[in-house]
Amino acid sequence: MKMTNFIKNIFQNLEKIKEAGTWKDERVLEGRQGTTITVQGKKVLNFCANNYLGLANHPKVIDAAKKAIDEWGYGMSSVRFICGTQDIHIELEKRISNFLGMQDSILYVACFDANGGVFEPLLGKDDAIVTASLNHASIIDGIRLCKAKRYIYAHDDLNNLEDNLKKARVDGAKNILVATDGVFSMDGDIAKIDEILNLTKSYDGILMVDDSHATGFVGANGRGTPEFCGVHGKVDIISSTLGKALGGANGGFISAKREVTSILRQKSRPYLFSNTVAPVVAATSISVLDILESKNSPLEQLTKNTERFRAGIQKTGLIIKEGSHPIVPVMLYNARLANVFAERLLDLGVYVIGFSFPVVPEHQARIRVQISAAHSSVEIDKAVQSFEKVASDLGILGKSKDFLVNWK
Ligand SMILES: *Cc1c(COP(=O)(O)O)cnc(C)c1O
């Protein structure tokens, strides 16, 4: 293809994205991440970050990062197996394992890489992966890179999971791995890890859980969805991120039995052929775990804030998805309504994002609110009041789903 045609094609694809209404604009923050951010010169309350524990700019975290730079330097300029492993990398891996009740952990520069690199070394063409239909893009891509046969089970449908496990056994799979998100990020719903684990074991399979929206804050001690579901330390493989609740810089990991992490260190391509997690991130993540394991963990505050927002928004008559997770989807069912609603909230100084098809199913449009331990009660109440005001102005307070679907 000639260059001009090549570019013209891309241009047409870009136009199609805009026509489909799925174009993503990036709002530029002037300054730090936080509960108050400055966007286009305007100060707004931020209710759409993954900064669940408020650690992204916690004074202790910033202080630890400054000290780490002085002690460990800025960059490693190497992969782990050449000259890119410092004692803080080993220590962080130990601390993560200990936190999650797992035998060993292996760091990646992102959870996307962890998921991208975990399947291919562990499973071959005679094996099967049974995967949840709404799994994160990185799990989907990781599975694509692996030769195992793929089976997809319907969201939150354990009967369908069992059907697929049976099918995999009938098809003669040698090893079966079940892969699921611990928390599904559009709904904030928590997978039934205990039941999934039982079912997986009854077919002699192994369970992998991506706990990116859970590590640090789901479960009584923040150990994630296995703890929440009463199976702390029992899941075979956990992947998660340092880029959300755990300080929010970047980095990911896999935690599992030592044989699993050992084969990953030998064979996992994003680990072998990509740079070490920056020393400052490794050392600072240790200080994040220090905070989580101390008496001053922000977890309790996050729980209080989430309860306050959920109770407040329910009183207004708006519809939310029930649950306990700090992801709170406020259901509007109508894509245009979700966008108009989010714009009006921004006018009132509350920054949230509307999600619609194809990110969520059709007629399931919503505004996804994310609560942080760092939000003050005043900020949470302001968000609730702003939701109520916009809903009232738009004439949708207390209206049914049908009304909202047909709203014009
Ligand atoms: C955010 C997220 C990832 C990617 O994490 P990064 O460390 O940012 O690459 C992977 N899986 C799930 C479920 C996520 O929510």
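Our subject is the structure listed above.
So, a few notes on the structure that sits alongside this text. The shown structure was predicted, so the numbers you read here are calculated from the model rather than taken from an experiment.

Reading the values: the criteria
- Residues numbered from 1 in each chain as written.
- Predicted model: local features only at pLDDT ≥ 70, side-chain atom pairs only at ≥ 80, totals over all residues.
- Heavy atoms only, no water.
- Near = heavy atom within 4 Å.
- Polar contact = N/O pair within 3.5 Å; in protein donor to acceptor, adjacent residues only side chain to side chain.
- Areas by Shrake-Rupley, 256 points an atom, 1.4 Å probe, with all protein chains shown as cover.
- Helix = DSSP H or I, 4+ residues; strand = E, 2+ residues; numbered from the N terminus.
- Pairing = 2+ DSSP bridges.
- Right-handed = clockwise from strand over helix to strand, strands pointing away.
- Salt bridge = Lys/Arg side-chain N within 4 Å of Asp/Glu carboxyl O.
- Buried < 20%, exposed > 50% of the residue type's maximum accessible area, 1.4 Å probe, protein only.

Thoughts on the site of the ligand
In the vicinity of the ligand there are 13 residues, among which Cys111, Phe112, Asp210, Thr241 and Lys244 approach most closely. Within the side chain of His213, a nitrogen or oxygen atom sits 3.1 Å from an oxygen atom of the ligand. Take Thr241: an N or O atom from its side chain is 2.6 Å from an oxygen atom of the ligand. Relative to its unbound accessible area of 390 Å², the ligand is 83% covered by the protein chains. Ranked by the residues each element gives to the shell around the ligand, the list is headed by helix 5 (residues 111–122), at 3 residues.

Overview of the pairing of strand 5 (residues 149–153)
Looking along a regular strand, one sees the side chains alternate between the two faces of the sheet. Inspection of the sheet shows strand 4 (residues 128–132) paired to strand 5 by 5 bridges, in the parallel sense. Its bridge partner lying in strand 5, Val130 is registered against Tyr151. As a crossover connection, the stretch from strand 4 through helix 6 (residues 137–144) into strand 5 is right-handed.

Observations regarding the pattern of salt bridges
Going through the model one piece at a time under the given rule, you end up with 18 salt bridges. The salt bridge partner of Arg144 is Asp141, with a shortest N-O separation of 3.2 Å. Taken as a pair, Arg144 and Asp141 lie in helix 6 at a separation of 3 residues, close to a single helical turn. Owing to a relative accessible area of 64%, Arg144 belongs among the exposed residues under this scheme. In this structure Asp141 comes out as partly exposed when scored by relative accessible area, which is 29%.

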